[in-house]
Amino acid sequence: MVQTLQGDKSDITKRPFKVVSKDTKKVLLKEKSKILWMHIHLPHFFLEVLIRGAAGKRSKKACVLVESEKNQNKIILANSYATSIGVRPNMLLTAACMLGELKIFNRQYDLERAALIQLCQWAMQFTSFVSPVDKNGLTLEIGGSQNLFGSLEELLGKISKGLKELGYKAHYAVAPTPLAAVLLARESPYEIVTDKSFLSQVIGALPITALRLETSQEKDLQNCGIKTVTDCKRLPRSGLASRLSPKIVDTLDRIFGKIPDPQSPLVLPKNFSSKIDLPWEVDNATDLIKASDLLINELLGYLQVNNTLADKLDWSLVDRNGDSEHFEVKFSQPHSDKSHMRLLLREVLVHKSIKKPIQSIKLEVKKFTSYKNHLTKNMFHDKGSYSDG
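Everything in this summary refers to the structure shown in the same document. (Residues numbered from 1 in each chain as written. Predicted model: local features only at pLDDT ≥ 70, side-chain atom pairs only at ≥ 80, totals over all residues. Heavy atoms only, no water.)

### Some remarks on the environment of Leu 42
Line of reasoning, step 1. Summarising the element assignment, Leu 42 is placed in the loop between β4 (37-41) and α1 (45-51).
Line of reasoning, step 2. For Leu 42, a relative accessible area of 0% puts it in the buried group.
Line of reasoning, step 3. On a C-alpha basis, the gap between Leu 42 and Tyr 168 in space is 7.1 Å, while along the polypeptide they are 126 residues apart.
Line of reasoning, step 4. With sequence-adjacent residues up to four places away left out, Leu 42 is seen in contact with Leu 119, Asn 136, Leu 138, Tyr 168, Lys 169 and Ala 170. (Helix = DSSP H or I, 4+ residues; strand = E, 2+ residues; numbered from the N terminus. Buried < 20%, exposed > 50% of the residue type's maximum accessible area, 1.4 Å probe, protein only. Contact = heavy atoms within 4.5 Å.)

Right, here's the structure in full:
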């Protein structure tokens, strides 16, 4: 289905955007940028890293993430089962507990950082250039990846499907500048803009809160009647810089591509290592295998990036006391086949006596065998620091 901004149906070649999928709002088509940025925003990331390993009947528990504010615990995130009984963000924990039984979690900052880096490594199977952004997002340069994966739509579909398989709900957007992609993913997800000339139209409509300014700066702008990014752009640059901050002018220029916005890529480690903490203790092979699927999915992304096969998998099961039980899953020949890895892991776990309930699972791979992969061979050109200006 093809639409126009003004409703003109006379000439398809003049139509500036098209709808490409149920998730994607529109693709602004006028002229594709050689460098194109995708930002993935993970709105529930801080809770998902704690509960994505849930399996079995208990996976349907109402789970909430809390933070202390002025000596009171408040809900900051809630899963779908919690919201279905009426739990909402910013609700006091005492009030939320009156709605039903809740599994309560606190933020685990080290786990969040490790999970985001691991997710960036996984995303490098789609592009050689991936950077973590803030605490719950990542930015990918995908301009050169579109043709390798068939089309922009197919590329976005593969990334979206992979994120869901890893247990993450993602909002994304695509734009010719990295900061524009970040703002759109956060404020107007699934917006796809491939030409800078459309940025003013799309970004300009966003509220000034999207810029995440200091509270005092935001209040000063609102007192002047400034409500949108377009309103902010119309102000004299010199006055905006002197009255508020030069950083605001710099931010606007980076959003709209008037000045360079250098980005530094993540460097892939030589070995694979990832861990998942289970939201509650597990004592059976079925639930352990389901949680282990997430680690296997992460490994497959790493193997794809490196053009390698795994020679063996080193697993660790950790109980509540921190005691680990290590075991290997060996292959008759190097592998990157998920079903085969899963089958061999199942055989080991089914025959293993789980003496204590397990609280976390770790997967490491240190021995690899190289193979040729035309996708990543073409993708991983000499990479440095991208600057779009």
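### Things to note about the packing of helix α12 (residues 285-306) against helix α13 (residues 338-350)
The description of two helices packed together rests on the angle between their axes and the distance between the axes.
Line of reasoning, step 1. Between α12 and α13, the shortest axis-to-axis distance is 10 Å and the interhelical angle comes to 145°. The way α12 lies across α13 gives a crossing that is right-handed. Along its contact with α12, which presents Ala 285, Leu 288, Ile 289, Ser 292, Asp 293, Ile 296, Asn 297, Leu 299, Leu 300 and Leu 303, the element α13 presents Lys 338, Met 341, Arg 342, Leu 345, Arg 346, Leu 349 and Val 350.
Line of reasoning, step 2. Classifying every residue of the contact of α12 with α13 by side-chain character gives 11 nonpolar, 2 polar and 4 charged. (Axes fitted to C-alpha atoms, helices over the stretch in contact; angles between N-to-C directions. Left-handed = near helix turned anticlockwise from the far one by under 90°. Nonpolar A, V, L, I, M, F, W, Y, C, P; charged D, E, K, R; others polar.)

### Some points on the side chain of Ser 245
Line of reasoning, step 1. Within the secondary structure, Ser 245 sits in the loop between α10 (237-243) and α11 (246-255).
Line of reasoning, step 2. A polar atom in the side chain of Ser 245 sits 3.1 Å from the backbone nitrogen of Lys 247.
Line of reasoning, step 3. What Ser 245 contacts, discounting residues up to four positions off in sequence, is Gln 217 and Leu 240. (Polar contact = N/O pair within 3.5 Å; in protein donor to acceptor, adjacent residues only side chain to side chain.)

### Considerations on the pairing of strand β12 (residues 272-282)
Line of reasoning, step 1. Of all 11 residues that make up β12, 8 are buried, and the element is covered over most of its length.
Line of reasoning, step 2. Direction of pairing for β12 relative to strand β15 (residues 358-365): antiparallel, over a ladder of 7 bridges. Among the inter-strand pairings, Asp 277 is bridged to a residue of β15, identified as Ser 360. (Pairing = 2+ DSSP bridges.)

### Focus: the nonpolar core
Soluble globular proteins: nonpolar side chains tend toward being buried together.
Line of reasoning, step 1. By size, the foremost hydrophobic cluster in this structure holds 75 residues, and its most contacted members are Ile 40, Leu 138, Leu 313, Trp 315 and Ile 361.
Line of reasoning, step 2. Residues within four places of Leu 313 in sequence aside, it is in contact with Leu 299, Phe 327, Glu 328, Val 329, Phe 331, Met 341, Leu 363, Glu 364 and Val 365.
Line of reasoning, step 3. If you look at the next biggest cluster of nonpolar residues, it comprises 33 residues, including Val 193, Leu 206, Ile 248 and Leu 252. (Core = buried A, V, L, I, M, F, W, Y, C linked by side-chain atoms within 4.5 Å.)

### What to know about the packing of helix α6 (residues 178-187) against α11
Line of reasoning, step 1. Viewed as axis vectors pointing N to C, α6 and α11 meet at an angle of 95°, and their least axial separation amounts to 6 Å. With respect to α11, the axis of α6 lies roughly perpendicular. The segment α6 lies against α11, with Leu 179, Ala 180 and Leu 183 engaging Thr 251, Arg 254 and Ile 255.
Line of reasoning, step 2. Considered class by class, the residues forming the contact of α6 with α11 number 4 nonpolar, 1 polar and 1 charged. (Parallel < 35°, antiparallel > 145°, perpendicular 65-115°, else oblique.)

### Considering the packing of aromatic side chains
Line of reasoning, step 1. The full count for this structure, using the stated rule, is 8 aromatic pairs.
Line of reasoning, step 2. Look at Trp 122 and Phe 126: their rings are 5.3 Å apart centre to centre, the planes differ by 70°, and that puts the pair in the edge-to-face class.
Line of reasoning, step 3. With a relative accessible area of 5%, Trp 122 lands in the buried category.
Line of reasoning, step 4. Members of the aromatic cluster, connected to one another through ring pairs, are Phe 45, Phe 46 and Tyr 168.
Line of reasoning, step 5. The aromatic ring of Phe 46 is capped on one face by Arg 107, whose charged end is 3.8 Å from the ring centroid. (Phe/Tyr/Trp six-rings, centres within 6.5 Å; stacked < 30°, edge-to-face > 60°. Lys NZ or Arg CZ within 6 Å of the ring centre and 35° of its normal.)

### So, the sheet that holds strand β5 (residues 63-69)
Line of reasoning, step 1. Read from one edge of the open sheet, 3 strands run β6-β5-β7, paired in mixed fashion. Because the sheet does not close on itself, it has two edges, and the strands there are β6 (72-78) and β7 (103-106). With strand direction ignored, the average angle separating the axes of adjacent strands in the sheet is 45°.

### Quick word on the side chain of His 39
Line of reasoning, step 1. Within the fold, His 39 resides in strand β4.
Line of reasoning, step 2. Of the residues examined, His 39 reaches a relative accessible area of 1% and is grouped as buried.
Line of reasoning, step 3. A polar contact is formed between the side chain of His 39 and the backbone oxygen of Leu 138, at a distance of 3.2 Å.
Line of reasoning, step 4. Of the polar contacts made by the side chain of His 39, one reaches the side chain of Thr 139; its length is 2.9 Å.
Line of reasoning, step 5. Those residues in contact with His 39 that sit more than four places away from it in its chain are Val 133, Gly 137, Leu 138, Thr 139, His 171, Tyr 172, Ala 173, Ala 181, Val 182 and Ala 185.

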